[in-house]
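Coordinates in review
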Amino acid sequence: MLNYFKRGVNISIRHRIYGSFLLLVVLFIINSIMTIITLNNIQHSSNHLTKVIEPSLETIIDFRRMALESKIYTTNWVFLRFSEENKTALEKLRVTDYPALKSAISKYAAQWKANNWVDSLNKAFAGFEELLVIEKGIMNDLKTFSDYDDPMIKFEAERKIEEEVLPRSASLINSIKAIRTHWIAERTVQNNIVSVYSTKLRMFIIALSVTMILIGVFLSLFMTRLIIQPINKIRHIVTDLGNGISRKVTHDIKNDEISEMIRSVNNLSEKLQATAAFATEIGNRNFESYFEPLGAEDALGKALVAMRDNLKASNENLNEAQHIAKLGSWEWDIVNNGLLWSDELYDVFDTDRNLFNASYEGFLSFVHPDDRENVRSLMSKSVMDHLPFSYECRIISSKNITKIISAHGKPTKNDKGELIRLTGIAQDITEQKKAEAELLKSEKQYRQIVETSQEGIWVIDENNYTVFVNKKMCEMLEYSREEMMGKQNYDFKNDDEKKKAMDQIKRRKGGLHETHESSFVTKSGKTLWTNVSTNPVLDEAGNYKGAMAMFTDITKRKQDELLIRKSQARLIANNMELERKNKELQQFAYVASHDLQEPLITTGNFVGLLQKQYLGRLDNKADQYLSFIMQSSERMRTLITGLLEYSRIGANKELQLVNTQCLLREVLNDLNVVIHTSGAHITVGELPVIRGYDAEIKQLFHNLLANAIKFRKNDVPLQINIAAIEKEDFWEFTISDNGIGLEKKHSERIFVIFQRLNNRSHYPGSGIGLSYCKKIVELHKGNIRVESIPGTGSIFYFTIQKNPTHETQIELHTCN
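Residues numbered from 1 in each chain as written. Predicted model: local features only at pLDDT ≥ 70, side-chain atom pairs only at ≥ 80, totals over all residues. Heavy atoms only, no water.

Some remarks on the overall build of the protein chain
Helices and strands together make up the secondary structure of the protein chain, namely 22 helices and 17 strands. Here the protein chain, with 816 residues, has 35% of them falling under the buried criterion. When contacts within the protein chain are restricted to residue pairs at least 6 apart in sequence, long-range pairs at least 24 apart make up 60% of them. Surface exposure of the protein chain reaches about 49500 Å², of which carbon and sulfur atoms provide 55%. (Helix = DSSP H or I, 4+ residues; strand = E, 2+ residues; numbered from the N terminus. Buried < 20%, exposed > 50% of the residue type's maximum accessible area, 1.4 Å probe, protein only. Contact = heavy atoms within 4.5 Å. Areas by Shrake-Rupley, 256 points an atom, 1.4 Å probe, with all protein chains shown as cover.)

As for the sheet that holds strand β1 (residues 327–333)
Pairing is antiparallel in the open sheet, where five strands are placed in the order β2-β1-β5-β4-β3. With partners counted over all chains shown, the strands left at the sheet margins are β2 (338–341) and β3 (389–396), one partner each. The sheet shows a mean angle of 25° between the axes of neighbouring strands, direction not considered. The pairing of β1 with strand β5 (residues 419–428) spans seven bridges and is classified as antiparallel. Within β5, the position partnered with Trp332 by the bridge is Leu422. Strand contacts of helix α12 (residues 369–385): β1, β3 and β5, with the helix running at about 150° to β3, the strand carrying the most contacts. (Pairing = 2+ DSSP bridges. Axes fitted to C-alpha atoms, helices over the stretch in contact; angles between N-to-C directions.)

Notes on the environment of Ser120
Looking at where Ser120 falls in the secondary structure, it is placed in helix α4 (residues 115–141). Separated by 56 residues in sequence, Ser120 and Ile176 have C-alpha atoms that sit 8.5 Å apart.

Some words on the confidence of the model for the protein chain
Looking at the protein chain as a whole, its pLDDT mean stands at 77, while 75% of the residues score no less than 70. This stretch, residues 1–9, has a pLDDT under 50; its non-local contacts, to residues over four places away or in other chains, come to ten contacts. Segment residues 805–813: pLDDT under 50, and 14 contacts once partners within four positions in sequence are set aside and those in other chains are kept. (pLDDT = per-residue confidence, 0-100.)

Things to note about empty space enclosed by the protein
A probe as big as a water molecule, rolled over the atoms, marks out the empty space that is left. Inspection of every chain in the model, using the stated rule, returns two cavities of 30 Å³ or more. At the level of secondary structure, the elements contributing two or more residues to the lining of the largest cavity comprise β6 (456–461), α16 (495–509), β8 (514–521), β9 (527–538) and β10 (544–553). When its residues are assigned to classes, the lining of the largest cavity shows ten nonpolar, five polar and two charged. The volume enclosed by the second largest cavity comes to roughly 130 Å³. Lining of the second largest cavity is provided by 13 residues; of these, Trp330, Trp341, Phe363, Met379 and Tyr391 occupy positions nearest its centre. (1 Å grid on protein atoms, 1.4 Å probe; cavity = no way out; pocket = protein on both sides within 12 Å on 5 of 7 lines; lining within 4 Å. Points joined across faces, edges and corners; volume = space filled by probe spheres on them. Nonpolar A, V, L, I, M, F, W, Y, C, P; charged D, E, K, R; others polar.)

Focus on the nonpolar core
Among the nonpolar cores identified, the biggest contains 38 residues, and Phe63, Tyr98, Trp112, Leu121, Phe128, Leu172 and Trp183 are the most heavily contacted of them. Elements with a contribution of two residues or more to this core: α2 (13–79), α3 (84–109), α4 and α6 (151–242). (Core = buried A, V, L, I, M, F, W, Y, C linked by side-chain atoms within 4.5 Å.)

Things to note about helix α21 (residues 694–710)
Between its first and last C-alpha atoms α21 spans 24 Å; for 17 residues at 1.5 Å apiece the expected length is 24 Å, and the two agree. Taken residue by residue, α21 has Glu696, Ile697, Leu700, Phe701, Asn703, Leu704, Leu705, Asn707, Ala708 and Ile709 as its buried positions. (Expected span 1.5 Å × (residues − 1).)

Looking at helix α22 (residues 769–779)
Those residues of α22 not exposed but buried are Leu770, Ser771, Tyr772, Cys773, Ile776 and Val777. Lys781 sits one or two residues past α22 and shows a positive phi near 60°.

Observations regarding the pattern of salt bridges
In the structure shown here, the tally under the stated rule is 27 salt bridges. For the salt bridge of Lys433 with Glu392, the shortest nitrogen-to-oxygen distance reads 3.0 Å. Of this pair, Lys433 sits in helix α13 (residues 430–452) while Glu392 sits in strand β3; the two residues are 41 residues apart in sequence, bridging distant segments of the chain. For Glu392, a relative accessible area of 45% corresponds to the partly exposed category. Put simply, Glu517, Arg557, Lys558 and Glu561 are held in one network by salt bridges that share partners. (Salt bridge = Lys/Arg side-chain N within 4 Å of Asp/Glu carboxyl O.)

Observations regarding the packing of aromatic side chains
Here the structure, examined in full by the defined rule, presents 17 aromatic pairs. Clustering of aromatic rings is evident, with ring pairs tying together Trp341, Tyr346, Phe349, Phe363 and Phe366. For the cation-ring pair, Lys558 lies above Trp529, with the distance from its terminal atom to the ring centre recorded as 4.6 Å. The cationic tip of Arg785 hangs over the ring face of Tyr797; the distance from NZ or CZ to the ring centre is 4.1 Å. (Phe/Tyr/Trp six-rings, centres within 6.5 Å; stacked < 30°, edge-to-face > 60°. Lys NZ or Arg CZ within 6 Å of the ring centre and 35° of its normal.)

Side note on a nonpolar patch on the surface
A grouping of Leu22, Val25, Val26, Phe28, Ile29, Ile30, Ile33, Met34 and Ile37 is seen on the molecular surface, where their side chains present a nonpolar patch of about 800 Å² in accessible area. Along the chain, the position of Ile30 falls in helix α2. Taking the relative accessible area as the measure of exposure, Ile30 reaches 40% and is therefore partly exposed. (Patch = residues over 30% accessible without salt bridge, like charges linked within 9 Å, V, L, I, M, F, W, Y side chains within 5 Å.)

Some points on the sheet that holds β10
Spatially, β7-β6-β10-β9-β8 is the arrangement adopted by the five strands of the open sheet, whose pairing is antiparallel. With one partner strand each, in any of the chains shown, β7 (466–469) and β8 form the two edges of the open sheet. When the angles between neighbouring strand axes are averaged without regard to direction, this sheet yields 30°. Where β8 and β9 come together, eight bridges link them in antiparallel fashion. Counted as the bridge partner of Phe520 is Leu528 from β9.

Focus on the side chain of Thr466
Of note, Thr466 is situated in strand β7. Note on Thr466: relative accessible area 4%, which makes it buried. Within the local environment of Thr466, its side chain forms a polar contact with the side chain of Trp458, the two groups lying 2.9 Å apart. Ignoring sequence-local partners within four residues, the contact set of Thr466 consists of Trp458, Val459, Ile460, Met484, Met485, Gly486 and Lys487. (Polar contact = N/O pair within 3.5 Å; in protein donor to acceptor, adjacent residues only side chain to side chain.)

Re unusual backbone geometry
What you tend to see is this: most non-glycine residues have negative phi, and most peptide bonds are trans. For His386, which is not a glycine, the phi torsion comes out positive at approximately 60°. Within the secondary structure, His386 sits in the loop between α12 and β3. A positive phi is found at Asn400, a non-glycine position, where the angle reads about 60°. Relative to the assigned elements, Asn400 resides in the loop between β3 and β4 (402–413). Note on Asn400: relative accessible area 63%, which makes it exposed.

Some words on the packing of helix α19 (residues 660–670) against α21
Two elements in contact, α19 and α21, have axes whose closest approach is 10 Å; the angle formed by their N-to-C orientations is 50°. With respect to α21, the axis of α19 lies oblique. Judged by the sense of rotation from one axis to the other, the crossing of α19 with α21 is right-handed. The residues of α21 that touch α19, namely those facing Thr660, Leu663, Leu664, Glu666, Val667, Leu668 and Asp670, are Asp694, Ile697, Lys698, Phe701, His702 and Leu705. Across the contact of α19 with α21, the residue classes tally to seven nonpolar, two polar and four charged. (Parallel < 35°, antiparallel > 145°, perpendicular 65-115°, else oblique. Left-handed = near helix turned anticlockwise from the far one by under 90°.)

Now the structure itself:
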């Protein structure tokens, strides 16, 4: 069969290739049709999964979560009277969230094929709505705080929770769980269908791929024998032509493309033989030989003709060119010691032939004294050994101008082998030497600048190979210059940076220069980060010839940035953990204080009832006991309330500008009655504007002033002074009084929560006021302390940290 295709009756190679690709296209179309059919089935199942099953599952899960939240919010409504968030959430769930969720579930349920599960869902809706009616009744019963204090209303609400809400909620959640279980099973079935179709599609693609590979191998063998063999013959002929060997291709000529190529190659071989013959004539300096280019586009033939004409013209202009270049010839007749110079050489030495002593000694008289002995030695050696010579030396011309000449000569012998003359040329190379000296000086200065630069310098050629690196670049990468020369800069990068470098080289070839960051791997395996400023190197025609870049080591900066990012990440994580713990602590204090107040309220209510009904009807001890219980309950409620307020200091608030002068006026107005009653005289200095928490700062001043008024002496008028002093980083406030004072050993203890130094009957209070002050001051990153002398008075000092930016000054007349 292969031979049949090979001998095909005048079938062109093009049509054979078309036929092969047509076969592959047919197989590809079959594969596409089967793939599309299978993918449609997969898509149908996937759509059912994504548009019906998955959304149904999500909304059913939300329904179950809503049922749980409803139970929790209702329970909290009954047992946590201060839980306004739970009450708001329950109201929102009943009025807004549930209708929206029911609408969403119903939309997906309309696409369910199993009606029995639709019925189950409707029953769940009905059960939840009945539950909401019960919960609404509980909400109406416990609207205000006074409702919680009514034992009958409270007990009835608790009964509804235990006997109706909790059992109905459990039954509802079980119903929702059954619906959810069904749809999870349905999702598994659809996933299995998709998996089966995917497996079938994969097996079909594998089978068809193997078939296409086998057909491809067969077609490759066929095309190889049909095309590669004659092309190899042509390649050998072309290679021989490149080596100067002209011969023809021997092959069975047919009416196809390969045969046409062979005829063209044989024709080319014949024409190249004629061109080679003409080139040989030019090499023999036969400039009169005739040759016509092979055609209008024969660049080689035209070039040979132009070369012949140029060589002919160059030969004619050689003497003129020598004159222009100040190149002169000379001849020394050793036998007669006669020296013959050309006219150009007289011009070099700035002398007249009539004044010149045409001898070897006359020539030496022009040579610089420091170079004369060297020239004499070289000339003598050439005469003795019959060898050619060349040298450079300085001369002093007739015009007393120092020049540098380059001389070359060779000996000439007679038939007897005797040396009879030396002939040669001499050229003025003074300007050339000056230019070389300037270039050398410039290169030396450039190298000094480059080598002493604190920046790495790297130069590459157009193929990205290193042609120069300075000392700093070698030190940065820890390689020697020899190790880096001839290497590509990719060789010093990892795979990711190598891809970036390739893109950057493309931009350099486009003429773009840029600054960017790049990393390398040093010889010791370390990562070197650099800031790179790179520019393309172009020739006069604007062609890309390489690139030059300057590298600044920024590894330390990168490491610092990494440490900063890690520190910031740790700080964020620590802050989040601290916020979480604070929130948990606040929630605990809130719940604990409410849970503690519930039995106290109940106890207080029943003790109040007992006092109303039985006061005076029992003995004196019973009345006293009831009074003690009532006082203890009230004191306990006061402590719990104080603890709750202590835990809330600084929570969920933002810093703002606080005019403490205005704020203190408000505090004095609030304490006006007690100030008037105690006869206290208060003086206030000029107070600043600070950045802080308004309510907390107000509480701080209130507690300190109330504390000073409470602990006053009965026989001395109370004097209180308030002032503030500006320090470098903070404001220091002072509140001094002439009260009872305290001992130094108690100066720390008074700021501890619930710590008291005096009898409660003489100085009532909870022992929490100064602990408030300490926490408020620390919230503002300050500290608080007291200096006191018993019987003389106390001075409280506290500091408030200044804002990093200068606080905006608010004039006092803006106070209300």
